[in-house]
Amino acid sequence: MGTRFDMVMVGKNKSASEAIWGEVSAELERLNSMLNRFDKTSEISRINREAFVNSVRVSSEMWSILRSCKHYHSRTFGLFDITLKDFSKVVLSEETSSVAFLQPNVSLDLGGFAKGYAMRKIKKMLIDAEVRHCFVDFGNSAVLGIGHHPYGDSWKVSIENPFNKAQILHETALKDEALSVSGNTPSYTGHIVRPDSGNATQARQLICVTASDPLDAEVLTTALMIADQEEKKQLIRNFEIKEQFEFNL
């Protein structure tokens, strides 16, 4: 998915750890081959190419993903929108599990969804494998802590100021929880767009959320980046989160 992935497991022997790592790596490769819009062979690319011309019947997993995106769109009153413009131009057919676009300039971008979705699946894989203590870091913007560090009661995570790497903005503790971070950095700004206006936020800001569900945390940080103050209050009420913090840089 175009970013570094690190995982630390505690309490498993070498062969068991290597087997789990292999399964997780294979799952990430599989998800990337399905959700990466820059890969012309991916399912999401096929949808983007064909859905205006003809309805595209999708896999059962993609159907579940698109329905989930529609749910999050409603739950965030339109702020989370994988079209970045107008989700109402996407038609999902329950009868045929297919998707169609009502306009030629519509496309789907799962960039604000895919890492959280992957982390949710990885969390389940680790729990199913009876991994009791594990730390997962997906590109420094999606983090998962299961159990606790061998020398502590949780996994400590520091939030670094991207405009001043020497400054630590905050430290949080994860125990069976995920952390998601969204914001602008010196090298990556203007990638979060408010759908109703089409304006990208240029704010020197970081939004961080901790929650038990990695996907909820991922979606919420994206929405909070473009929400006004009243919308932020409502968004936080709409989700079960442990902690939310915001830094204006």
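Note: the structure precedes this text.
So, here's what we can say about the structure. Residue numbers run consecutively from 1 along every chain, following the written order of its sequence. Local features in a predicted model are, by the rule used here, given only for residues with pLDDT of at least 70; side-chain atom pairs are given and counted only at 80 or more, and totals for whole chains, interfaces and linings are based on all residues. The side-chain values count all of the structure's non-hydrogen atoms but skip hydrogen atoms and water molecules.

### Notes on the packing of aromatic side chains
Worth spelling out the cut-off: Only Phe, Tyr and Trp rings take part, Trp by its six-membered ring, and two of them pair if their centres are within 6.5 Å. Stacked means planes under 30 degrees apart, edge-to-face means over 60, and tilted covers everything else. Helix numbers and strand numbers start at the N terminus; a helix is a DSSP run of H or I with at least 4 residues, a strand a run of E with at least 2. Summary of the burial criterion: residues with accessible area below 20% of their type's maximum are buried, those above 50% are exposed, and those between are partly exposed, where the area comes from a 1.4 Å probe applied to protein chains only. For a ring to carry a charge above it, either NZ of a lysine or CZ of an arginine must fall within 6 Å of the ring centroid while also lying within 35 degrees of the normal to the ring plane.
According to the stated counting rule, one finds eight aromatic pairs in the structure shown. Centroid distance F5 to W21: 5.9 Å. Interplanar angle 35 degrees. Geometry classified as tilted. Of the two residues, F5 sits in strand β1 (residues 5-10) while W21 sits in helix α1 (residues 14-35), which places them 16 residues apart along the sequence. For F5, a relative accessible area of 14% gives the class buried. Members of the aromatic cluster, each reached through a chain of ring pairs, are Y72, F80, F113, Y117 and F239. Taking the ring centre of F138 as reference, the NZ or CZ of K115 above it sits at 5.7 Å. Its end group placed over the ring of F163, R204 keeps NZ or CZ at 4.0 Å from the ring centre.

### Quick word on the sheet that holds strand β4 (residues 98-101)
Basically, it comes down to this: At least two bridges found by DSSP between two strands is the condition for calling them paired. In what follows, residue pairs with any heavy atoms lying within 4.5 Å of each other are defined as contacts. Working convention: axes come from line fits to C-alpha atoms, limited for helices to the stretch in contact. Angles between N-to-C directions cover 0 to 180 degrees.
Strand order in the open sheet formed by three strands is β2-β4-β3, with antiparallel pairing between adjacent strands. A single partner strand is all that each edge strand has here, and the edge strands are β2 (56-57) and β3 (90-93). For β3 and β4, the ladder comprises four bridges, and the chain directions are antiparallel. Across the sheet, the residue bridging to L92 is V99, located in β4. Here helix α3 (residues 60-75) sits on the sheet in contact with β3 and β4, set at roughly 125 degrees to β3.

### Overview of the environment of T96
Put simply, the rule reads: Two N or O atoms count as a polar contact when they lie within 3.5 Å, although within protein this holds only if one can serve as hydrogen donor and the other as acceptor, and sequence-adjacent residues are included solely when both atoms are side-chain atoms.
Within the fold, T96 resides in the loop between β3 and β4. Judged by its relative accessible area of 30%, T96 is partly exposed. Sequence spacing of T96 and I47 is 49 residues, and the spatial spacing of their C-alpha atoms is 15 Å. Only 3.0 Å separates the side chain of T96 from the side chain of S93, close enough to count as a polar contact. Here S98 takes part through its side chain, which lies 2.6 Å from a polar atom of the side chain of T96.

### Let's talk about the nonpolar core
Stated formally: Residues belong to a common nonpolar core when they are buried Ala, Val, Leu, Ile, Met, Phe, Trp, Tyr or Cys residues joined through side-chain atoms within 4.5 Å.
In this structure, L35, I47, M62, I65, V99, F113 and L126 are the most contacted members of the largest nonpolar core, which totals 61 residues. At eight residues, helix α5 (residues 214-226) tops the list of elements feeding residues into this core. F135, V143, I159 and L169 belong to the second-largest nonpolar core, a separate cluster that totals 13 residues.

### Quick notes on the layout of surface pockets
Operational definition: Both cavities and pockets are sets of points on a 1 Å grid over the protein atoms alone; in a cavity a 1.4 Å probe fits but cannot get out, in a pocket the set is open with protein on both sides within 12 Å along at least five of seven lines, and lining residues sit with an atom within 4 Å of a point. Grid points are joined across faces, edges and corners, and a volume is the space filled by probe spheres set on the points. Under the grouping applied here, Gly and all other residues not named as nonpolar or charged are polar, the nonpolar ones being Ala, Val, Leu, Ile, Met, Phe, Trp, Tyr, Cys and Pro and the charged ones Asp, Glu, Lys and Arg.
By volume, the largest pocket is sized at about 1,500 Å³. Lining the largest pocket are 46 residues, with G111, K115, S141, Y188 and H191 sitting closest to its centre. For the lining of the largest pocket, the secondary structure elements donating two or more residues are α1, α4 (114-128), β5 (133-138), β7 (155-161), β9 (177-183) and α5. The residue makeup of the lining of the largest pocket, split by class, is 22 nonpolar, 16 polar and eight charged.

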